[in-house]
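Listed below are the residues making up each chain.
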Amino acid sequence: MTSITNAKTESSLMGFKNKEAWEKFVYHGEIPQGVRKLILESWQRCAQMKVDPFSREIARIIPPKELIVRKKRRQDLLQTAKPYIKTLYKAVEGSGFIIFLADEEGVVLLLDGDPLEIERFKRINLVEGAVWSEKEAGTNAVGTAIIIGQPVQIVGCEHYCATQHSITCSAAPIFDGEHKMIGILNMSADSEKVHPHTLGMVIAAAKAIENEIQIKKALEDIIKANAIMKTTLVSVPEGVMTIDEKSFIRQLNPKVAGMFGLKEEDVIGKFVDDVFKCSPPLSSVVEKAAVMDNVEVIFENGKNTLRYTINARPIINEEGKIMGAVIVVHGKETIHRLVNEITGAQAQFTFHAIIGRSKKLERAKEIARTAALTNSTVLLLGESGTGKELFAQSIHNASRRKGPFIAVNCSAIPRTLIESELFGYEAGSFTGANRNGRPGKFERANGGTIFLDEIGDMPLDLQAVLLRVLQERQVVRVGGFKPIPIDVRVIAATNKDLAAKVAEGTFREDLYFRLNVVTINIPPLRERKEDIPLLVEYMLPQISKRLGKKVTGITPRALKCLQDYNWPGNVRELENILERGVVVAQGEILDCGDIPESVLTGQYTTPPQQVELLSLAEIERRAIINTLNRVPSIVEAAKVLGISRSTLYRKIDQYNIPYKED
């Protein structure tokens, strides 16, 4: 009670003080002391606009048709504000308050309050359609809040027009999501009934209205974005579909439906591999976090097969969780273009696809992830079947490089073709060459990554050319002379001991050091046997699904047999053994009887080494190269080979052996 009494006393004193100040300003044009700055500035604006402080006809009322137009324009604001105005009125019901909502120009759109007070306030034109701007009604909470863009409370004689000196009003502006003023909320009553906390109530209500408007706007934006997305899917010339985190189809556009003769309503919500039967399966984009870049895929469509090219990316949130995938299907014309323009493997896999938690594997992945963010050359060391290309693709996909991933198996390309394959050739370079010439793998990998697998098997003379390319970052095509700049990240891999090959003279020492910038040792499966249960759990469902069998697990004793085996063929051998087990399994659980005897007993035979068949000329060429790498001069080399220096020089030219005498 004391606080209310004090508030009323302060209000009375303020009213008396403001009365004297108002009279000095209105009657004598004086700038009074003790008046709030915002009030004095408002009075000055009113005087400049020639507002009559003694007029009893304030707040012009607009025509009914114009009011209808304004209400329609602010229909969303009115619908949102009505419940809050009702709630606010219930809090002050019976205490002589009126509450109203005005638009950004001060036109009253909605009025609520005690019926007697509403009737009484009509005498100062406080009705719907009245314009409570400073120009039409002098200094008042609504008009002044519009000018300053902030909440304000105007007390008694702070009003510019005398007819309002007995009331106090509190107003707060309402803004939309772009901080544009769209309305004003106001509470008014006789001065002695208003507490300073009244303004706080108005501010809180205005803020609540503002928040709900912004939430509605955000929802509308989401709905609009979805509509735009659907329209985009319909408009793009390529086939596009999306799948969720469980590989169920969520969206597809008419182009995809037309390519496969489907109806959208028949496939939405179905497992993607049940609808689109192909290899690799489209679900691998989610299950393996595989990335497909222009991958040609053969689809089984009843009795027919369809060839399309796929681009696919997993959708990964900020926490690294896969939320689904976007798959783009290109038509036949795209396939023809890509066949002519792109060679080599595509990077389909990311680090999500490298299964295992052993310390050695985690360390290898940690180094690979770090190396991926640089342009440094990477050398992958590991036995066959350990997943060297999986690491190479993952490094490429985790890098900032936007270009292609080109894979080259250095041991699989014929000796006579490897130089032209790697570095390209100019028109007419040799018999059978393309008449227009052709770019090599390094040129095709420009802006991306080239993966040189089995680098240890590269011929010695080609190693010198590769070294020059790595040093100078440019290539010269076979039969050409003009250097072509390239921006290629090199990842090399081998299962050979390069240091030993350097010692025996079959691998260049300078190339070894050039490649050996970031070395990643990929552990063999026998050194990370704790990962075998994870690998089995990951591989078994995929193999079963691919083979059309229902094998759901493995017995503990069979799993122990797998863990006791040494795995000379590493992960690739494990996958083959599991596939064999699924094929012969009679039940849903793999047991020891489904595993080959050689694995159960731990005995295996090493496959016989294939003897490389060489021509006499190739044997002679290799002998010369090996000798030149081991002796200090041509003279010494000729003595070792048992030929004259002139004969040795002639054979160096004949075999195009790179040699520079010190």
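Just so you know, these numbers come straight off a predicted model, no measurement behind them.

Quick notes on the rules
- Residues numbered from 1 in each chain as written.
- Predicted model: local features only at pLDDT ≥ 70, side-chain atom pairs only at ≥ 80, totals over all residues.
- Heavy atoms only, no water.
- Buried < 20%, exposed > 50% of the residue type's maximum accessible area, 1.4 Å probe, protein only.
- Helix = DSSP H or I, 4+ residues; strand = E, 2+ residues; numbered from the N terminus.
- Arc of directions from axis to C-beta.
- Contact = heavy atoms within 4.5 Å.
- Disulfide = S-S within 2.5 Å.
- Pairing = 2+ DSSP bridges.
- Axes fitted to C-alpha atoms, helices over the stretch in contact; angles between N-to-C directions.
- Core = buried A, V, L, I, M, F, W, Y, C linked by side-chain atoms within 4.5 Å.
- Phe/Tyr/Trp six-rings, centres within 6.5 Å; stacked < 30°, edge-to-face > 60°.
- Salt bridge = Lys/Arg side-chain N within 4 Å of Asp/Glu carboxyl O.
- Parallel < 35°, antiparallel > 145°, perpendicular 65-115°, else oblique.
- Left-handed = near helix turned anticlockwise from the far one by under 90°.
- Nonpolar A, V, L, I, M, F, W, Y, C, P; charged D, E, K, R; others polar.

1. Quick look at helix 22 (residues 556-564)
Now for step 1: Where helix 22 is concerned, the buried positions are A558, L559, C561 and L562. One side of helix 22 carries all its buried residues, which in axial view fall inside an arc of 155°. Exposed side of helix 22, more than 90 degrees from the buried face: P556, R557 and D564 are the residues found there.
Now for step 2: On its buried side, helix 22 packs onto helix 21 (532-547), strand 19 (553-554), helix 23 (570-584), strand 20 (589-590) and helix 24 (597-601).

2. Some points on the state of the cysteines
Now for step 1: Enumeration over the complete set of coordinates arrives at zero disulfides.
Now for step 2: The thiol of C161 is unpaired, and the distance to the nearest cysteine sulfur, on C46, comes to 6.8 Å.
Now for step 3: Assessed through its relative accessible area of 0%, C161 is described here as buried.

3. A closer look at the sheet that holds strand 3 (residues 152-155)
Now for step 1: Reading across the sheet, the five strands line up as 2-1-5-4-3 and stay open at both edges, with antiparallel pairing between neighbours. A strand with exactly one partner marks an edge of an open sheet, and here the two such strands are strand 2 (108-113) and strand 3. Averaged over all adjacent pairs, the angle separating strand axes in this sheet is 15°, with direction ignored.
Now for step 2: Bridge count for strand 4 (residues 167-175) against strand 5 (residues 181-190) is nine bridges, and the pairing is antiparallel. Looking at the pairing, P173 lines up with I184 of strand 5.
Now for step 3: Docked against the sheet, helix 7 (residues 141-148) engages strand 1 (98-103), strand 3, strand 4 and strand 5, running at close to 145° with respect to strand 5.

4. A word on the environment of I522
Now for step 1: Structurally, the position occupied by I522 is in the loop between strand 18 (518-521) and helix 21.
Now for step 2: Each C-alpha atom of the pair I522 and S615 lies 36 Å from the other, and the pair is 93 residues apart in sequence.
Now for step 3: In contact with I522, other than residues within four places in its own chain, are L380, L381, G382, T386, G387, K388 and F391.

5. Thoughts on the nonpolar core
Now for step 1: With 36 residues, the main nonpolar core has W43, L126 and W132 as its most contacted residues.
Now for step 2: Secondary structure elements with two or more residues in this core: helix 1 (2-28), helix 2 (37-48), strand 1, strand 2, helix 7, strand 3, strand 4 and strand 5.
Now for step 3: Residues within four places of W43 in sequence aside, it is in contact with N18, A21, W22, F25, P32, V35, T139, C157, E158, H159 and Y160.

6. Describing the packing of aromatic side chains
Now for step 1: On inspection of all chains with the given rule, the structure shows 15 aromatic pairs.
Now for step 2: Here F260 and F299 contribute two aromatic rings whose centre-to-centre distance is 5.0 Å and whose plane-to-plane angle is 70°, an arrangement assigned as edge-to-face. Of this pair, F260 sits in helix 9 (residues 254-260) while F299 sits in strand 9 (residues 292-301), placing them 39 residues apart in sequence.
Now for step 3: Seen from their ring centres, F276 and F299 are 6.5 Å apart, and the 75° between their planes marks the pair as edge-to-face. With F276 in the loop between helix 11 (272-275) and strand 8 (277-279) and F299 in strand 9, this residue pair connects regions lying 23 residues apart in the sequence. The pair F276 / F299 is uniform in exposure class, with both members buried.
Now for step 4: Here the aromatic residues F260, F276, F299 and Y308 are joined through ring pairs into a cluster of three or more.

7. Describing the side chain of T350
Now for step 1: Position of T350 relative to the elements: it lies in the loop between helix 13 (332-341) and helix 14 (359-372).
Now for step 2: In this structure T350 comes out as buried when scored by relative accessible area, which is 13%.
Now for step 3: Discounting residues that sit within four places of it in the chain, T350 has contacts with K288, A289, V291, S394 and N397.

8. Here we look at the environment of A137
Now for step 1: Within the secondary structure, A137 sits in helix 6 (residues 134-137).
Now for step 2: Overall, the relative accessible area of 0% leaves A137 in the buried class.
Now for step 3: Discounting chain neighbours no more than four positions away, the residues touching A137 are I58, A59, V131, W132, C161 and Q164.

9. Notes on the pattern of salt bridges
Now for step 1: One pass over the full model with this rule turns up 35 salt bridges.
Now for step 2: Salt-bridge contacts for R74 lead to E104; the nearest nitrogen and oxygen are separated by 3.3 Å. In this pair, R74 sits in the loop between helix 3 (64-73) and helix 4 (75-92) while E104 sits in the loop between strand 1 and strand 2, placing the two residues 30 residues apart along the sequence. Accessibility classification places R74 together with E104 in one group, the buried group.
Now for step 3: One salt bridge in this structure joins E117 and R120, with 2.8 Å as the shortest N-O distance. With E117 and R120 both in helix 5 (residues 115-121) and three residues apart, the pair spans about one turn of that helix.

10. Here's the deal with the sheet that holds strand 14 (residues 449-453)
Now for step 1: Taken in spatial order, the five strands line up as 13-14-17-12-18 in an open sheet, and their pairing is parallel. The outermost strands of the open sheet, each flanked by one partner alone, are strand 13 (405-409) and strand 18. Along the sheet, successive strands turn relative to each other by an average axial angle of 20°, direction set aside.
Now for step 2: Helix 14 rests against strand 12 (378-381), strand 17 (489-494) and strand 18 of the sheet, and its axis sits at about 150° to strand 18.

11. Here we look at the pairing of strand 18
Now for step 1: Here strand 18 shows one buried face, formed by V518 and I520, and one open face, formed by T519 and N521.
Now for step 2: Relative to strand 18, strand 12 is paired through four bridges, and the arrangement is parallel. Within strand 18, the residue paired with L380 across the bridge is I520.

12. Things to note about the packing of helix 21 against helix 22
Now for step 1: Across the interface, helix 21 lies against helix 22 with an axial gap of 10 Å and an inter-helix angle of 120°. With respect to helix 22, the axis of helix 21 lies oblique. Between helix 21 and helix 22 the crossing geometry is right-handed. Side by side, helix 21 and helix 22 meet where I532, P533 and V536 of the first sit next to L559, L562 and Q563 of the second.
Now for step 2: Grouping the constituent residues of the contact of helix 21 with helix 22 by class yields five nonpolar, one polar and no charged.

13. Regarding the packing of helix 25 (residues 616-630) against helix 27 (residues 645-654)
Now for step 1: Packing of helix 25 against helix 27 brings their axes to within 11 Å, and their N-to-C directions diverge by 115°. On the basis of the axis angle, helix 25 is roughly perpendicular to helix 27. The two elements helix 25 and helix 27 meet at a crossing, and its hand is left-handed. Mapping the contact onto sequence places E620, I624 and L628 in helix 25 and L648, K651 and I652 in helix 27.
Now for step 2: Each residue belonging to the contact of helix 25 with helix 27 can be placed in one class, and the counts come to four nonpolar, no polar and two charged.

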